[in-house]
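Close look at the chain arrangement
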Amino acid sequence: MNISARTITLGYSRHKKPHYSVRTHKQPHLLLRLQVAGSCEAELCGTRHVVEPGDLIVSKPGDSYRLEIDAAPDEDGVRRIDSADYYVVCEGPWIDAWLARGNYPVMARIEVGEDILSLWRRLLYEKRNVSDANEELTESLLKALCLTLERAVRSRPEGASGDAAYVPYRIKRYVERHATEPLTLEGIAKRHGVSVSTASHLFKDTFGLSIMKYAAEVRLRAASERILLSDMSLERIAESTGFRSYPHFCRAFRARFHVPPSAYRTSLAARQADFPRTDPI
């Protein structure tokens, strides 16, 4: 099998004692390292960086790299060492093409979500699963991780600085996860540590529509999928996707899909009848 993206080594590291790279060295392969707790320092291509949670190091083949983990003062002024990170070293033609098109900085601040961490953990599990090694699955997971990291890097607006740069993206992810639950602008803004006006302004400027309109769009997509893929009643679908009433659901659905929910389901049944099911041979 032709493997175009190969994982050489990867892992999760938790440091409670000082750790120093023996010397600055040039990476022969791509190193991706994500700080998830604590802090450390890294010398990347001759420049020293403080690395904090959410910082993704992208050390390309030929780049110089040196890591230094030492005690840092906490909020009480006590110096402790507690640094944690995920890392992966990889190579291959697909990796080379991914790097060439990305023009990634040596270090980028990203929002660390469960989508990234779960992919890293799954890749780690599959790489360690020597009794049932599946190179095709490992390759696919590595590619998915790289693409998800790419999206996270690109999600940060150019020229933006500070936590405000991430607020609209955090809100978007929160809405996508909780759209079928009761949502209010006040609750969303409070959860993300900003005022209602700031949350609304940042979200509209970034995505071109209001928070609640986006939530309605997510609910309608979920409703259309349940109409297509389940035999739930339309009333139950409306309730389960977060609409406050069935008439409200019908109005919103018709405005979005140009047919009422009942006609949407009927038209699907008619299309399926044109292609009768056959038993497998």
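Residues numbered from 1 in each chain as written. Predicted model: local features only at pLDDT ≥ 70, side-chain atom pairs only at ≥ 80, totals over all residues. Heavy atoms only, no water.

1. Some points on the packing of helix H1 (residues 93-102) against helix H3 (residues 135-154)
Definition in use: Lines fitted to C-alpha atoms define the axes, with helix axes restricted to the stretch in contact, and inter-axis angles between N-to-C directions lie between 0 and 180 degrees. In this description a helix means any DSSP run of H or I spanning at least four residues, a strand means any run of E spanning at least two, and both kinds are numbered starting from the N terminus. Throughout this description, any angle smaller than 35 degrees is read as roughly parallel, any larger than 145 degrees as roughly antiparallel, any in the 65 to 115 degree range as roughly perpendicular, and the remainder as oblique. Contact between two residues is taken to exist if any of their heavy atoms lie within 4.5 Å; hydrogens are not considered. Only Asp, Glu, Lys and Arg are considered charged in this grouping, and only Ala, Val, Leu, Ile, Met, Phe, Trp, Tyr, Cys and Pro are considered nonpolar; every other residue, Gly among them, is considered polar.
Taken N-terminus to C-terminus, the directions of H1 and H3 make an angle of 5°; their axes are 11 Å apart at the nearest point. Taken as axis vectors, H1 and H3 run roughly parallel relative to one another. Of the residues in H3, those in contact with Trp94, Ile95, Trp98, Arg101 and Gly102 of H1 are Leu142, Lys143, Cys146, Leu147, Glu150 and Arg154. Partitioning the contact of H1 with H3 into residue classes produces six nonpolar, one polar and four charged.

2. Some details on the pairing of strand E11 (residues 83-91)
Along any regular strand, the residues point their side chains to alternate faces of the sheet. Applied cut-off: Each residue gets one of three labels from its accessible area relative to the maximum for its type: buried under 20%, exposed over 50%, partly exposed in between, using a 1.4 Å probe on protein chains only. Following DSSP output, two strands are said to pair if at least two bridges run between them.
A large share of E11 lies buried, amounting to seven of its nine residues. The sheet contact formed by strand E1 (residues 6-15) and E11 spans nine bridges and is antiparallel. Bridging across to E11, Gly11 finds its partner in Tyr87. Strand direction decides the pairing type here: strand E4 (residues 30-37) and E11, joined by seven bridges, are antiparallel. When the bridges of E11 are listed, Leu34 appears paired with Tyr86.

3. Thoughts on the packing of aromatic side chains
Condition: Classification of ring pairs rests on two measures: the distance between centres of Phe, Tyr or Trp rings, Trp counted by its six-membered ring, which must be within 6.5 Å, and the angle between planes, read as stacked under 30 degrees, edge-to-face over 60 and tilted in between.
On inspection of all chains with the given rule, the structure shows 12 aromatic pairs. Ring centres of Tyr86 and Trp120 lie 5.9 Å apart, and the angle between their planes is 35°; on these two criteria the pair is classed as tilted. Within this pair, whereas Tyr86 is found in strand E11, its partner Trp120 is found in helix H2 (residues 114-128), the two being separated by 34 residues in sequence. The exposure classification of Tyr86 matches that of Trp120, with both residues buried. When the ring of Phe203 is compared with that of Phe207, the centres are 4.9 Å apart and the planes differ by 55°; the resulting orientation is tilted. Of this pair, Phe203 and Phe207 both sit in helix H6 (residues 196-207), four residues apart, which is roughly one turn of the helix. Accessibility expressed as a relative area gives 0% for Phe203, which makes it buried. In textbook terms, an aromatic cluster arises when at least three aromatic residues are bridged by ring pairs, as seen for Phe243, Tyr246, Phe249, Phe253, Phe257 and Tyr264.

4. Here's the deal with the layout of surface pockets
In plain terms, the rule: Cavities and pockets were defined on a 1 Å grid built over protein atoms only: a cavity is a set of grid points that admits a 1.4 Å probe from which the probe cannot escape, a pocket is an open set flanked by protein on both sides within 12 Å along at least five of seven lines, and lining residues are those with an atom within 4 Å of any such point. Grid points are joined across faces, edges and corners, and a volume is the space filled by probe spheres set on the points.
Here the largest pocket is characterised by a volume of approximately 300 Å³. Forming the boundary of the largest pocket are 15 residues, of which Glu111, Asp115, Arg151, Ser155 and Arg173 lie nearest the centre. Contributions of two or more residues to the lining of the largest pocket are made by H2, H3 and helix H4 (167-178). Among the elements that take part in the lining of the largest pocket, H4 stands out by supplying five residues, more than any other. The residue inventory of the lining of the largest pocket, partitioned by class, reads five nonpolar, two polar and eight charged.

5. Some thoughts on the sheet that holds strand E7 (residues 55-59)
Here we have five strands laid out as an open sheet, ordered E1-E11-E4-E7-E12, and antiparallel in their pairing. At either end of the open sheet lies a strand with only one pairing partner, and these are E1 and strand E12 (107-109). Along the sheet, successive strands turn relative to each other by an average axial angle of 15°, direction set aside. Contacting E4, E7 and E11, H1 crosses the sheet at an angle of about 70° to E4.

6. Let's talk about the nonpolar core
Rules: Residue types Ala, Val, Leu, Ile, Met, Phe, Trp, Tyr and Cys, when buried and joined through side-chain atoms within 4.5 Å, form a set referred to as a nonpolar core.
Grouped together as the largest cluster of nonpolar side chains are 29 residues, with contacts concentrated most on Leu32 and Trp120. Contributions of two or more residues to this core are made by E4, E7, E11, H1, H2 and H3. Broken down by element, this core gets its largest block of residues, seven residues, from H3. Judged by nonpolar contacts, the second largest core, of 14 residues, contains Ile171, Val175, Ala199 and Val218.

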